[in-house]
Structures are given as structure tokens and as C-alpha cells.
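Structure assessment
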Amino acid sequence: MENALFAYTDESGNSGLHLFDQGQPNFWTGTLLSKIDLEEKKSDILEMANLAEANELHGNELGYGRIEIIASHLSKFIFDNDLTFLFTMVEKEHVARMKIVDTLLDSHINHAVTPLHYGVRALRLSLAYSLGTCVSPRNIKKFWDVYASADKNEFLEIIRNLRWNVENKIRDKRIKELLRDAIDWALTYPDPFLNAKRSNLDSPNIVAFALIMNSLHSIARQKGLRVGRFIHDEQNQFAKYLKEMYVVFKNTSFSMDSLAWITDMESVDTYDGPMEITSSNNNPGLQIVDVVLWIVKRHFENRPARYSPNTESLLKTIIERSDINLFSHSQLKRDVVTNYVEIMSKPFPKEQEEIGLKKMNELENIRKSRMGMLPSSTREV
């Protein structure tokens, strides 16, 4: 298939909606990208499996001992076939933390938050990071339960605690004012914030999948390729939701520009055909990414003191040919700093500054006026 990119994705770290397993704090995915259909390379994979005295290549079954046996062969296979990798790491606790942020800062519900603050990426991320730093681990867990039960009393207790933290921990006066107003609005009118209920679409699996889809749009565009086949390893709980999200994301690319609006998206034509969900049995691409993901996850989460020579060389080969997307509290902080530096480096003539200050005052007056309006759910008909 000319100008085609073949993508093979595997997951690691049981998740679903269970976010607080201390033994598995992160949810990982690995995606192998190839310009050839690796179905053509079954014999090479079988040869490596035979060397490792295994029926198939699976990192968890092979372990470091048998991976060392095939590591040089796998490195050569990756290099000869020009394979590259895309990894995602989703910090599970951060998923719950950001759900609190999204709930409170949704300008459609919260009259104390303007569409500007919620809509512009740089402003939204800045508020999200500041608010996220004020949510205690205990309240993150409590909110995740409230998000399922819609318990108003628990919700009010959580955001009262959050208000105290904002008042006493946030140093920036403007950010403190915006967050305090947002929380006070929610304390006064809590009901609209409890309408949404937790579902499987809130899982780290879906967060990671969205990152993969958007990254593949970017990679395919940069390389002048199309995703000819997108193959996902078989799994039961989320297959239905992944297929639904594939339909949503396959023709839409979202802007990551610092000044992009939340609704800024581009219609694209990147993917050919439906997503395939299949077992790794006899699928060489899925078997390779299984081994590679097993190594990379352990390298970043609990790095061994030292590697055997061939495994160390394999790891170097993988990392040199990889990109990684992170969804975590620390990555959010880095994004906020990056956005700030980018915006502050832009030229800003004096006359534009005067116009901007005038517009800022107008928007603030609108925000204050909007805060005096009752939410639609409480108005008399």
C-alpha cells in the first residue's frame, strides 16, 4: 500500500475507572509505526520466538532474561525495517484531578468563568494547573466517587476544602480571584455541577486513545503518509468505546497552539478504513510492540540498576526512535511554562497594549455581570 503507515497499538496497566491502585499509578500505551505491513515479517518474529523458546513474543512472559537472548535480533529488525514508536503515559490520579478542574471551570455551567478563560488553551491550562495543585489526594479520591454518585453534600464538602486551599496557597492575586469566584459560584449553585455522571469514556484508556489519534494525525501529515491500517490489541472492556472514539477522532485534528480555542479543530483525512481490534496471536506488529512497551514502561517507572548489554542496546535503539506523550500533573506544569514563554516572547506594541487593557476591562465587567445571573436550572419559568 503506497504512502501508507501501519500502526499497531498495545496497552499496559490495568485501568478502567479504577484510578488509585498504588501498584499501577500509570496507564501506558505503545504504538509501533511501520511503512510496511508487518504481516510480511511473520517468519522473522517466529524465528525470534524460537530463539527465546517461546510460542510468541510477549514481554511479561519473556522477562529480561529471554529478552536479552533476542535483543540484538530485535534491534536489527527495528533498524532494518525503519520502525518508530509512539508511547503515551497517563497518570491515573491526574485523570481524576482534571475531572474536578473541568467540572468547576466549565464556563457553560459556571458563570464566574468566562468562555475566554475556559476556551483559550494557555488560560485554561494555567487555571487548571493552579486549581489542580490545591486538590488534596484525599479529595481527589472523594470527588471520583462523587462523580459517580452525585452526592451533593460530599461535593460541597470537597469544594469548601478546595476553597480554603485556594485562599491560602495561591499567590497570584488574579488567579486566586478567578478560582475563588468559580468555587463560590459552585457552592451557591451546586446542582448543575452534579448532572454529569462518570462513565467508561472518563477512563485513562480513552484519554490515551485521544492522544494517540491526534499524534497520528500530526505524524502522518508531517511525513506525507496516511494510516493504512490501525490495529489495536484485543481487550474486552473498552473495545466498544475505542471504536466509538475512533469514529469521532479519525477525521478531526485538534490544535495544540497556546492561543488555540478549545473548539479549534481541523477536518482531516488521515485514516483508511475502520480500526481493527485483534489478538496478538500471529500478529507480528502487536507482538513487537508488546515487548517494546514492557521494556519502556519498566525503564521509566522502576529502572533496573543495570541492563544486560544487548537489552541496553535495544533500549537505546527504541528510545532514539520514539516520541512520548504524557498526561500528568508535571507535564501540565511544563505546558503552562511553555505557553507563558511563547506568549511573552511575542511582540506587543504599546498601542496594542492599550487596546488589550480596555478589552480586558470590558470582559471583566461582563464576567461580573454574568455572575449576577441565576443559572438557567434555577430560573422561574
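Counting of residues starts from 1 at the beginning of each chain's written sequence and follows it residue by residue. Under the rules for a predicted model, residues below a pLDDT of 70 receive no local features and side-chain atom pairs below 80 are neither given nor counted, while totals for whole chains, interfaces and linings still include all residues. By convention in this description, side-chain values take in all heavy atoms of the structure and omit both hydrogens and water.

Among soluble globular proteins, nonpolar side chains are generally buried collectively. Definition used in this section: a nonpolar core is a set of buried Ala, Val, Leu, Ile, Met, Phe, Trp, Tyr and Cys residues joined via side-chain atoms within 4.5 Å. Exposed residues in this analysis have more than 50% of their type's maximum accessible area, buried residues have under 20%, and partly exposed residues fall in between, with area computed by a 1.4 Å probe over protein chains only. By size, the foremost hydrophobic cluster in this structure holds 46 residues, and its most contacted members are Leu104, Leu105, Leu131, Phe155 and Leu162. Secondary structure elements follow DSSP: runs of H or I no shorter than four residues count as helices, runs of E no shorter than two count as strands, and numbering proceeds from the N terminus. Breaking this core down by element, the ones donating at least two residues are helix 3 (92–105), helix 5 (121–132), helix 6 (137–149), helix 7 (152–169), helix 8 (173–188) and helix 13 (329–344). Membership of the second largest hydrophobic core comes to 37 residues, among which are Tyr8, Leu57, Ile70 and Ile231.

Of all the eight residues making up strand 4 (residues 226–233), seven are buried; the element is thus mostly covered by neighbouring parts of the structure. Strand pairing follows a simple DSSP-based rule, namely that at least 2 bridges must link the two strands. Strand direction decides the pairing type here: strand 1 (residues 4–12) and strand 4, joined by six bridges, are parallel. Counterpart to Ala4 in the pairing with strand 4 is Arg226. As paired elements, strand 4 and strand 7 (residues 276–278) share three bridges and run parallel to each other. Paired with His232 across the bridge in strand 7 is Ile277.

A few words now on the environment of Gln331. Within the secondary structure layout, Gln331 lies in helix 13. Here the alpha-carbon distance between Gln331 and Phe249, two residues 82 residues apart in the chain, equals 23 Å.

In the Ramachandran plot, Glu53 falls in the positive-phi region, its phi being about 55 degrees despite a non-glycine side chain. Among the secondary structure elements, Glu53 is positioned in the loop between helix 1 (42–51) and helix 2 (59–80). Relative accessible area serves as the criterion here: at 71%, Glu53 is assigned to the exposed category.

Turning our eyes to something else, we now look at the pattern of salt bridges. Every case where a carboxyl oxygen of Asp or Glu lies within 4 Å of a side-chain nitrogen of Lys or Arg is listed as a salt bridge. Applying the stated rule across the entire model yields 24 salt bridges. For Arg163, the salt bridge goes to Glu167, with nearest N and O atoms at 3.6 Å. Of this pair, Arg163 and Glu167 both sit in helix 7, four residues apart, roughly one helical turn. Taking the relative accessible area as the measure of exposure, Glu167 reaches 29% and is therefore partly exposed.

This part takes up the packing of aromatic side chains. Classification of ring pairs rests on two measures: the distance between centres of Phe, Tyr or Trp rings, Trp counted by its six-membered ring, which must be within 6.5 Å, and the angle between planes, read as stacked under 30 degrees, edge-to-face over 60 and tilted in between. The final tally for this structure, using the stated rule, is 14 aromatic pairs. Both rings, one in Phe85 and one in Phe87, keep their centres 6.2 Å apart while their planes meet at 15 degrees; by these two values the pair is stacked. What makes Phe85 buried here is its relative accessible area of 2%. By relative accessible area, Phe87 is classed as buried at 2%. Between Phe155 and Phe193 the ring centres are 6.2 Å apart and the planes differ by 25 degrees, which places this aromatic pair in the stacked class. With Phe155 in helix 7 and Phe193 in the loop between helix 8 and helix 9 (204–223), this pair connects stretches of sequence that are 38 residues apart. Of the residues examined, Phe155 reaches a relative accessible area of 1% and is grouped as buried. Here the aromatic cluster, defined as three or more aromatic residues joined through ring pairs, consists of Phe209, Phe230, Tyr246 and Tyr271.

As a further point, take helix 5. Each residue after the first adds 1.5 Å to the expected span of a helix. Taking 1.5 Å as the rise per residue, helix 5 with twelve residues should run 16 Å; its terminal C-alpha atoms sit 16 Å apart, in good agreement. Most of helix 5 sits out of view: ten of its twelve residues are buried.

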